[in-house]
Every structure is written in structure tokens, then in C-alpha cells.
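# Descriptive structure summary
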Amino acid sequence: MKLIAPERYPDFQCIAGACRHSCCIGWEIDIDPESLRRFQQMPGEMGERLRQSIDTTGETACFALKGWEERCPFLNDDGLCDMILELGEDSLCQICTDHPRFRYSFAGHTEIGLGLCCEAAGRLLLGDPLPMKLTVIEDDGADEVDDPEENELLELRDSLFALMQDRSLPMMQRMEQLLPAAEIDWTEWADFLLELERLDEKWAELLELLPQACPEAIPDVLETPMEQLMCYLLYRHLPGALEDGDTEGRIRYCALIGQLVARLSVLTGCRTLDDFVELARLYSSEIEYSDENVSAILDQLAQ
Ligand code: SF4
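It should be emphasised that the depicted structure is a prediction, and the values quoted were computed from it without experimental measurement.

A word on the overall build of the protein. A tally of regular secondary structure across the protein gives 14 helices and six strands. Principal axes of the C-alpha set define a box for the protein whose edges measure 60 × 50 × 35 Å. For the protein, buried positions account for 48% of its 303 residues. For the protein, restricting intrachain contacts to residue pairs at least 6 apart in sequence, the fraction spanning at least 24 positions comes to 76%. A total accessible area of about 15400 Å² is found for the protein, and carbon and sulfur atoms account for 48% of it. If you average the places of the 24 positive and of the 62 negative side-chain charges in the protein, the two averages end up 5 Å apart.

Now for the packing of helix α13 (residues 273–288) against helix α14 (residues 291–302). The N-to-C vectors of α13 and α14 enclose an angle of 90°; their axes lie 6 Å apart at closest approach. On the basis of their axis angle, the class for α13 and α14 is roughly perpendicular. On α14, the residues touching Glu286, Ile287 and Glu288 of α13 are Asn293, Val294 and Ile297. When the residues that make up the contact of α13 with α14 are grouped by side-chain class, the tally is three nonpolar, one polar and two charged.

The terminal C-alpha atoms of α14 lie 17 Å apart, and with 12 residues this matches the ideal 16 Å at 1.5 Å per residue to within 8%. All of the buried residues in α14 are Asn293, Val294, Ile297, Leu298 and Leu301. The arc that holds the buried residues of α14, viewed along the axis, is 135°, so those residues lie on one side. With respect to the buried face of α14, the exposed residues turned more than 90 degrees away are Asp291, Glu292, Asp299 and Ala302. Packing partners of the buried residues in α14 comprise α8 (186–194), α11 (241–244), α12 (247–267) and α13.

Glancing now at the domain arrangement of the protein. For the protein, the assigned domains are domain 1 (24–98) and domain 2 (144–302). On a C-alpha basis, the centroid separation for the pair domain 1 and domain 2 is 33 Å.

Turning our eyes to something else, we now look at the environment of Ala162. Within the element layout of this structure, Ala162 appears in helix α6 (residues 148–164). Note: C-alpha distance between Ala162 and Trp189 (27 residues apart in sequence) is 28 Å.

Time to look at the pairing of strand β5 (residues 109–114). Here β5 lies mainly inside the structure; six of its six residues are buried. Neither face of β5 is left uncovered, since the one carrying His109, Glu111 and Gly113 and the one carrying Thr110, Ile112 and Leu114 both have all their residues buried. Relative to β5, strand β4 (residues 101–105) runs antiparallel, the two being bridged by five bridges. Each bridged residue has a counterpart across the sheet, and for Arg103 the counterpart in β5 is Ile112.

Right, let's talk about the nonpolar core for a bit. Core analysis: the biggest nonpolar cluster contains 72 residues, and Leu193, Leu229, Tyr253 and Ile297 have the highest contact counts within it. The greatest single-element share of this core, amounting to 12 residues, is contributed by α12. Those residues within four positions of Leu193 in sequence are excluded, and the remaining contacts are Leu207, Leu210, Leu260, Ile287 and Ile297.

Cut-offs and rules
Residues numbered from 1 in each chain as written. Predicted model: local features only at pLDDT ≥ 70, side-chain atom pairs only at ≥ 80, totals over all residues. Heavy atoms only, no water. Helix = DSSP H or I, 4+ residues; strand = E, 2+ residues; numbered from the N terminus. Buried < 20%, exposed > 50% of the residue type's maximum accessible area, 1.4 Å probe, protein only. Contact = heavy atoms within 4.5 Å. Areas by Shrake-Rupley, 256 points an atom, 1.4 Å probe, with all protein chains shown as cover. Lys, Arg positive; Asp, Glu negative; His and termini not counted. Charge placed at Lys NZ, Arg CZ, Asp CG, Glu CD. Axes fitted to C-alpha atoms, helices over the stretch in contact; angles between N-to-C directions. Parallel < 35°, antiparallel > 145°, perpendicular 65-115°, else oblique. Nonpolar A, V, L, I, M, F, W, Y, C, P; charged D, E, K, R; others polar. Expected span 1.5 Å × (residues − 1). Arc of directions from axis to C-beta. Domains from an automatic or database assignment. Pairing = 2+ DSSP bridges. Core = buried A, V, L, I, M, F, W, Y, C linked by side-chain atoms within 4.5 Å.

Dropping the structure here:
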């Protein structure tokens with residue numbers, strides 16, 4: 001079975017203590033059953049600390065977050081993980097090992113990527129000046145399984161990558177081919193998005209800007225990051241059409257999010273990669289890490 005990823009994937013490194021929006025703050029951290037068993041049997045002081053830090057009252061065991069910030073109980077004051085420091089990376093539970101990676105399993109291969117809710121991933125992916133390419137990062141040599149439905153979707157996605165990477169056209173023109181901006185009523189979308197589940201009030205402040213009059217184009221400096229964002233969205237969200245059959249809706253979802261981030265970047269006067277990465281990070285953590293929010297947008301696009 002092949003494992004496929006964007007070419008920059010292997011360059012990812014968590015920036016730990018230097019991270020401004022640590023995934024160890026404010027996010028529920030579920031513990032998988034195997035790690036839970038391991039944690040419950042761990043001897044010594046760390047074992048005792050672990051057992052005192054796990055909440056098993058809900059459906060899924062999770063770390064009991066601390067304080068108003070909701071920090072992971074193992075995140076120390078330097079922004080580092082005490083579990084990694086004392087027991088090594090192999091001691092982590094599945095979700096902490098995986099984050100910010102996402103996977104999609106096809107019949108013949110698996111795809112893996114880095115989520116934009118992580119600022120280090122955002123800088124790596126959105127800051128890449130070269131067109132995104134996929135590459136095989138692991139191959140166990142097993143026979144490939146051919147699935148016509150998957151092949152058709154992946155060919156379509158390749159053609160959309162090519163469209164988004166056609167640098168002979170300004171980025172907004174490329175995006176217009178997926179969803180014309182004139183079809184988007186930003187007042188309605190702002191109202192709709194403001195009703196969805198939310199983590200950070202900063203996102204609400206941004207959404208409230210959407211109905212404002214806005215010049216169409218994004219600054220030149222954001223052309224390539226915007227292209228990378230569109231390819232990321234198509235890479236991550238189009239495969240879901242194999243489950244829900246909503247290929248068109250998912251293309252429109254990617255285009256809507258692209259237009260949304262582009263509009264916010266213009267309305268907020270965003271001129272640097274870092275500011276753009278922050279807008280993409282907010283979208284990612286507020287929308288795409290909530291299945292309910294993605295489904296709600298897909299349902300709304302279908303109306
Ligand atoms: S968000 Fe990314 S860079 Fe920040 S702590 Fe998590 S994995 Fe590391």
C-alpha cells in the first residue's frame with residue numbers, strides 16, 4: 001500500500017514552545033483505548049500523574065484540561081510537553097502522535113496531509129513557492145487495488161489542481177472558475193457562519209467584516225499562498241465525495257472557503273505570509289476540524 005503526501009510533508013516539524021496557538025490549549029484531547037490501558041498501568045510518579053489527569057466520565061477518555069485556557073495537564077510553562085520530556089515521543093497517545101496530520105484511506109492507497117490549524121504546517125504549505133505536488137512517501141510493495149470510482153475522482157482532482165496552478169491567470173480568476181464570486185451573498189454567509197459552533201471570538205469578528213464592500217483582487221504577495229490554500233482544500237476535502245457522493249458540493253465548498261479567506265485577507269489588509277497563515281489557521285480550527293460545521297456548510301451549499 002502506498003502512502004501519498006504533498007511533497008513538503010516530510011519537512012514538517014512542530015515548533016513546540018514557539019507555537020503561538022498550541023494544539024495543547026483549548027482542544028479536547030481524546031485518549032485512544034490502547035494508550036488509556038498503557039497510561040493506567042504505568043508505574044511510578046508519571047503513572048500516578050497520568051491517572052490523576054485523565055477524565056473517564058464521558059463516552060471517551062480524555063485529558064482533564066486545566067484553567068480558563070483549557071491547557072493539557074502535561075503542557076508545561078515553557079510550552080513543552082512533560083510526557084515527551086520524561087518518557088519520549090513514543091509515549092504519546094494516538095491523537096497527540098498524529099496531530100496535525102489527517103489521513104484518507106482509498107482502496108488502493110492512503111493519503112496523508114498536514115492540517116492548517118497548525119501554524120507551523122501553514123507556514124510550510126502556504127509559504128511554498130513551488131506548485132504543490134503529491135509524492136509517494138512510503139510503499140510496502142503490496143499490489144495496487146484499482147477502483148474506477150476513486151480513479152475518476154482523483155483524475156478530476158488532478159484537473160482542478162492544474163486549474164488552480166495555472167499561473168498565467170490571476171488567482172481570483174482561477175477561483176472564479178469553481179464558484180463565481182457574484183453567486184456568493186456575503187451578508188447571508190456571514191449570518192450563517194456566525195451561527196455555527198465557534199472556538200475563538202476573533203473568528204466572529206472576522207466574519208462580521210464579510211458583508212463590507214471589498215475590492216476584488218488579493219495583493220500580489222498572496223497569489224501563491226492562495227494557490228497553495230486552494231490545492232490544500234481540494235486535496236483534503238474532495239475525497240469525502242466518495243462517501244457522500246457530493247462531488248460538486250465539495251468543489252463549491254473549497255471554492256467558497258478560498259473566496260472567504262481571500263476576502264478576509266483583503267478586508268483585514270493582510271500583506272504578509274504570517275497574516276495569511278493566521279487567517280487560514282482560524283478557518284481550519286473553526287470550520288474544518290468540526291465535522292458538524294463542514295456538513296452544515298455542505299448542506300447550505302446544496303440549497
Ligand atoms: S499547533 Fe503545530 S506547531 Fe503548534 S504545538 Fe501543535 S503541532 Fe506543534
